Amino acid sequence: MVSNKKKWAIGYAVLCILYFVISVAVPHDRLESQGLEGIGKPSLKLKTEEITDGTELRFEYQSEGQALSQLSFYFTADGKSLSSGEILIEAYDSQTEELLASEAYELADLGVEAFWGVTFDKEPVNQEITVVITGENIEEGPYVWLNTEHETSGSSSQDGQALEQNLIYNAVYRTQVHYVKQPLLITAMLAVLGGMFFLLYGRKMPEQPGAETEAGLLHAAEAGGKSGALRRKAQAFYKKYRKLLGLLLLLLIVALVFYYVYDVQIREAMNSTHREVVMRDNGELLPVTAESCELTQYYTTEEDELVGLGVRMDLSEDFNGEGTIHAEIRDVTEAGGASGGQGESKAGGELLCAADIDAATLLDGQYMGLIFDNSQSGVKGHTYEITLQFSEGLQDSGLSVIVTPAGYYEENTFYVNGEESENRLSMNAHTYFNLFLQKYFFVMFLFAEVVAAGFYYLAFLRRCRIEKVFVFTILCLGVIYNFVLTPYMAPDESYHIDMSYRHSNALLGIESAGENKCYKRKDDTQLEFTSSPSLENYKLIYDGLFTLAEDDTLVEADATSTTEAPVIIYLPAVLGMTLARLLHLGTVPMLLLGRWFNLLGFTILAYFAMKKLPFGKTTLFLLSILPMNLQQCTSFSYDAVITGVSFLFICWCVSLTFGEKAVKPVDMLGLGILGIILVYGKSGAYLPLALLVFLIPAKRFGGKRVRNLCILGLFLLPVLCFLNQNTDTVSYIATTTEATATVGSSMTAGYTIHYFLSQPLELIRMLANTLSDKTAFYLESLVGQKMGWVEIEISEVISMLFWLLLILSALKPKEEPMYVRTGQKCWIAFVCAVCAGVILAGMLLTWTPYGNVSIEGVQGRYFIPFMPALMLLARNTRLTWDRSAERGLMYAGFIGQLLAVMYLIKAVLVL
């Protein structure tokens, strides 16, 4: 065995060396940026003149001896809201005047600031380039920032006059490099991982004294337990009916929860309508006076279905609201539309709506809804006549109708007291009632009843192991969450969806589209979910749940920036998305399947974590079904993988520390791989969890020497991976100065390490303020009191309930050994504190604006991955359970989830 072991070790070493040599020899594409030197908040002092129709910005640039891939410029709206016109950017060869690339951008898409430029299909090398920036159909235009801090290559001019400072630009070069550091670190990790495996291979843990005695005692206890068989049989009849009563109670709770939410929220949402603005305004008002007391608007619809129309009203501060508005809507299509002139109603037009509206019910800036007596379908192209007659008490009362600017919507005529006007009423269309919500949530109710019955059957009737109950429960709850919190509603989910799509493309052999681009199926670019709760999201799912893709053609679509996020942390979602694409499923089932596969990945990891635990399985069960954790895992977020890997890593360490089995080579391989994956989440914030391996005692390894070598290897693996993955991030944070420190991707000034080194008391003050101001928020958001983009609030009772259950689950039964000693608790507390400290420090230096008194950007969900370790601190000998309460705690946790779903439905259906 020893000789074979050496042969395998030598072969493994040769493979590692070959990997290193090949990795260094193969060239890789790398993008390098130039032109952004010195850019930070203080450097944004000067900008060009406003770019309008007559403006021409020119930028002369000499590309270097590398392939120039992109050239973009830093545009700003300077606080203005830009809505019309476009910016045209063209790049020419300065000598031949050949057009190399061009791109047009709509000003409405600018927002506050953005880099706009061109991408070269044929990347120029050592070539003089002239970039021309012009505007078309621009009323108010943007500006381009100038670099006042650094002298960069190139020259800039505006309207033929040279600029003293150069434009801020970003020249992206594609170069081929031979990496050495990354292959070296990966080879070192492989060597450490293999070394631990071969070191432990074939070794056995020494026999522990007293093992036979313990086994004998256990056998005796089992034999003694047989004496109570008759007593247990006598109680079987009572227990049978007691369990059935518990099942009926649970089903009743589910029914009451859904009936309550139907009665208070779903019913109201069903009676609402879907509204679309059909004639937009710019805030111009038409006051209601004697000269404008009768208004007639003709509208030709582009909608196929219509249940009503709305007119936008404005109420001044002194409006008294006394009087009525008589409103009528007629379908005058057959009567010739508005051809009769003078705003006279057409004889024979079908009366769809007639109402007298109390002005006291109007809301300032809102649309006055005029709902038809009967819904209209197949009405695209129909012309409607809307007549408004204002009572005498509303004339000169401060009431106005909001109208569109003159010259817009000329196909729809508008009359004021019989005279044609150049303006038009600002209107919206009610296209359908949201009756689909009844079926949507009724099916959800039936599914919840099935889930409740299945949970109770597995947990109490079959008395299955907690791991099996966990798998069924979380996967079924994930289905409910998938339909309550729709795609894009989880934080940063649009980014994660784009990353998953890129990896799915790579898996299918589709090439990359480059920075800020991604090849997508044409169908997938046409369906738009909103990140905030809306009834439209549920309508999209209702209509598209069982659809197939109609157009699989790949088109280039806008996407979030390409990053180095590896496929491993998106693997479950990528597999789900790829499977859906191979089956030609539509966009909605593709997104839902990708999300559910992500939850499945977490479930598999948590299942094996739970199997390894010698105690505390109920705590892990409750942590896994926290509303916040379910939200993150039932989305495209990589939190599902990172949290699952963290749970498995912690539970594996606990198993090896407090169990009785010897450490095997597979344990070292597993912990080593998990430790490496840990580094990829949250920029390596969970790297300190690798310190938990120091808890594993030497007797599990068969000796101190082997233990020390293996523990050192387990710790070095994630450290080497961290150096390989996050060196640039750490270097940026360490070298950032006050001149370049910014918050996130904005230009807001932030804090630096140098600032706190020079003023350490400020750091203590910031930490103290953060603990004082944010602790309650961290505790609530860890459970899920604030869901979505921290905008969907559920009752605080839910967070208090789950915290109570977590604390109770952490207490040990009286007959269970203590396991966790004081010294071990101190080490666990230290590891968790370091994890929390790294998270807080990261957000302090990258997300907290300068001048804030506490750390911003940290949410309670960031602490979930190390919670299984932290909950070990609650185990003690003074406060214990007389008997196991795990089934009751699971039951209470499941009811807590039902209540959470109830509050979620109430929150997302708020109109």
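Sequence order sets the numbering: in each chain, residues are counted from 1 along the sequence as written. Owing to the predicted nature of the model, reporting of local features is limited to residues with pLDDT of at least 70; listing and counting of side-chain atom pairs is limited to 80 or more, with chain, interface and lining totals taken over all residues. No hydrogens and no water enter the side-chain calculation; it runs on all heavy atoms of the structure.

Numbering of helices and strands runs from the N terminus, with a helix taken as a DSSP run of H or I at least four residues long and a strand as a DSSP run of E at least two residues long. Helix and strand counts for the protein chain come out as 22 helices and 30 strands. If you line up the protein chain on its principal axes, its C-alpha atoms span 105 × 85 × 55 Å. Across the 911 residues that make up the protein chain, the buried fraction comes to 49%. Whether two residues are in contact is decided by their heavy atoms: any pair within 4.5 Å suffices. Within the protein chain, counting contacts between residues at least 6 apart in sequence, those at least 24 apart form 83% of the total. Only the protein chains shown count as covering a residue, and every accessible area follows the Shrake-Rupley method with a 1.4 Å probe. For the protein chain, the accessible area works out to roughly 42,900 Å², and carbon and sulfur atoms hold 57% of it. When charges are tallied, Lys and Arg are placed among the positive residues and Asp and Glu among the negative ones, while His and the ends of the chain are skipped. To locate a charge, take NZ of a lysine, CZ of an arginine, CG of an aspartate or CD of a glutamate. Here the protein chain holds 67 positive side-chain charges and 99 negative ones, and the gap between their average locations is 28 Å. Three exposure classes are used, based on accessible area relative to the maximum for each residue type with a 1.4 Å probe and protein chains only: buried under 20%, partly exposed in between, and exposed over 50%.

Another point: the side chain of S646. Considering the arrangement of structural elements, one finds S646 in helix 14 (residues 639–658). When near neighbours in sequence (up to four residues on either side) are disregarded, S646 contacts L678, L689 and P865.

Pairs were defined over the aromatic rings of Phe, Tyr and Trp, the Trp ring being its six-membered one, requiring ring centres within 6.5 Å. Orientation was assigned from the angle between planes: stacked under 30 degrees, edge-to-face over 60, tilted for the rest. All told, the structure shown has 41 aromatic pairs when counted by the stated rule. By way of ring pairs, the aromatic residues F455, Y456, F460, Y891 and F894 are connected into one cluster. To sit over a ring, a charge needs its Lys NZ or Arg CZ within 6 Å of the ring centre and within 35 degrees of the ring normal. Across the ring face of Y143, the terminal group of K47 is positioned such that the distance to the ring centre comes to 5.4 Å. A cation sits over an aromatic face here: K612 above W652, 4.3 Å from the ring centre.

To continue, consider the sheet that holds strand 11 (residues 161–162). Ordered in space as 5-4-7-2-10-11, the six strands form an open sheet in which the pairing is antiparallel. Two strands bound the open sheet, and with one partner strand each, they are strand 5 (99–106) and strand 11. As judged from the seven bridges shared by strand 2 (residues 56–62) and strand 7 (residues 128–136), these two strands associate in the antiparallel manner. Bridge pairing links R58 to V132 in strand 7. Should DSSP find at least two bridges between two strands, the strands are taken to pair.

The next subject is helix 18 (residues 760–783). For helix 18, spanning 24 residues, the distance from its first C-alpha to its last is 33 Å, which sits close to the expected 34 Å at 1.5 Å a residue. The seven residues ending at a residue and the seven starting there each receive a fitted axis; the angle between those axes is the bend at that residue. The axis of helix 18 is deflected most strongly, by about 55 degrees, at K774. Among the residues of helix 18, M766, T770, K774, Y778, E780, S781, L782 and V783 are the ones counted as buried. Of the residues flanking the end of helix 18, it is G784, one or two places downstream, whose phi is positive at about 125 degrees. In this scheme, a helix's expected span is set at 1.5 Å multiplied by one less than its residue total.

Turning next to the environment of R707. The residue R707 is located in helix 16 (residues 704–735) in this model. The residues contacting R707, other than those within four sequence positions of it, are F694, I696, P697, A698 and F701. A distance of 2.7 Å separates a polar atom in the side chain of R707 from the backbone oxygen of F694. Within 3.5 Å is the distance limit for a polar contact, defined as a pair of N or O atoms, with the added protein rule that one can donate a hydrogen and the other accept it, and that residues adjacent in sequence qualify only through two side-chain atoms.

Time to look at the packing of helix 8 (residues 493–507) against helix 10 (residues 571–582). Axes are the key here: two packed helices are described by the angle between their axes and the distance separating the axes. Two elements in contact, helix 8 and helix 10, have axes whose closest approach is 9 Å; the angle formed by their N-to-C orientations is 65 degrees. Relative to helix 10, helix 8 is oriented so that their crossing is right-handed. Note on element contacts: helix 10 touches helix 8 through A573, V574, L575, M577, T578 and R581, opposite I497, S500, Y501, H503, S504, N505 and L507. Three categories are distinguished: nonpolar for Ala, Val, Leu, Ile, Met, Phe, Trp, Tyr, Cys and Pro, charged for Asp, Glu, Lys and Arg, and polar for the others, with Gly belonging to the last. Its residues assigned to classes, the contact of helix 8 with helix 10 shows seven nonpolar, five polar and one charged. Each axis is a line fitted through C-alpha atoms, and for a helix only the stretch in contact is used; angles between axes span 0 to 180 degrees, taken between their N-to-C directions. In this scheme the handedness of a crossing depends on how the near helix is turned from the far one: anticlockwise by less than a right angle means left-handed, clockwise means right-handed.

To continue, consider the pairing of strand 2. Taking every second residue as pointing to the same face, the buried face of strand 2 carries L57, F59 and Y61, while none of E56, R58, E60 and Q62 on the other face is buried. Sheet analysis places strand 2 next to strand 10 (residues 155–158), joined by four bridges and oriented antiparallel. Its bridge partner lying in strand 10, E60 is registered against S155.

Turning next to the environment of E123. Residue placement: E123 occurs in the loop between strand 6 (113–119) and strand 7. For E123, a relative accessible area of 27% corresponds to the partly exposed category. Sequence spacing of E123 and Y456 is 333 residues, and the spatial spacing of their C-alpha atoms is 64 Å. Once residues within four sequence positions are removed from consideration, E123 is found in contact with A67, L68, S69 and R174.

Packing of helix 2 (residues 181–200) against helix 16 brings their axes to within 9 Å, and their N-to-C directions diverge by 160 degrees. On the basis of the axis angle, helix 2 is roughly antiparallel to helix 16. In this structure, helix 2 meets helix 16 at a crossing whose hand is left-handed. Mapping the contact onto sequence places K181, Q182, L185, I186, A188, M189, V192, L193, M196, L199 and L200 in helix 2 and V706, L709, C710, G713, L714, L717, L720, C721, L723, N724 and T727 in helix 16. Each residue belonging to the contact of helix 2 with helix 16 can be placed in one class, and the counts come to 17 nonpolar, four polar and one charged. Each angle is binned into one of four classes, with values under 35 degrees roughly parallel, values over 145 roughly antiparallel, values of 65 to 115 roughly perpendicular, and all other values oblique.

A separate point is the confidence of the model for the protein chain. Segments scoring low in pLDDT should not have their predicted coordinates read at a detailed level. What pLDDT reports is the predictor's confidence in each residue, on a scale of 0 through 100. In this model, the protein chain carries a mean pLDDT of 87, and residues with pLDDT of at least 70 account for 91%. Contacts of residues 208–224 to residues separated by more than four positions or lying in other chains number one contact, the stretch itself having pLDDT below 50. Segment residues 339–347: pLDDT under 50, and 18 contacts once partners within four positions in sequence are set aside and those in other chains are kept.

Okay, unusual backbone geometry next. A positive phi angle, close to 60 degrees, is found at E97, a residue other than glycine. Tracing the backbone through its elements, the reader meets E97 in the loop between strand 4 (86–93) and strand 5.

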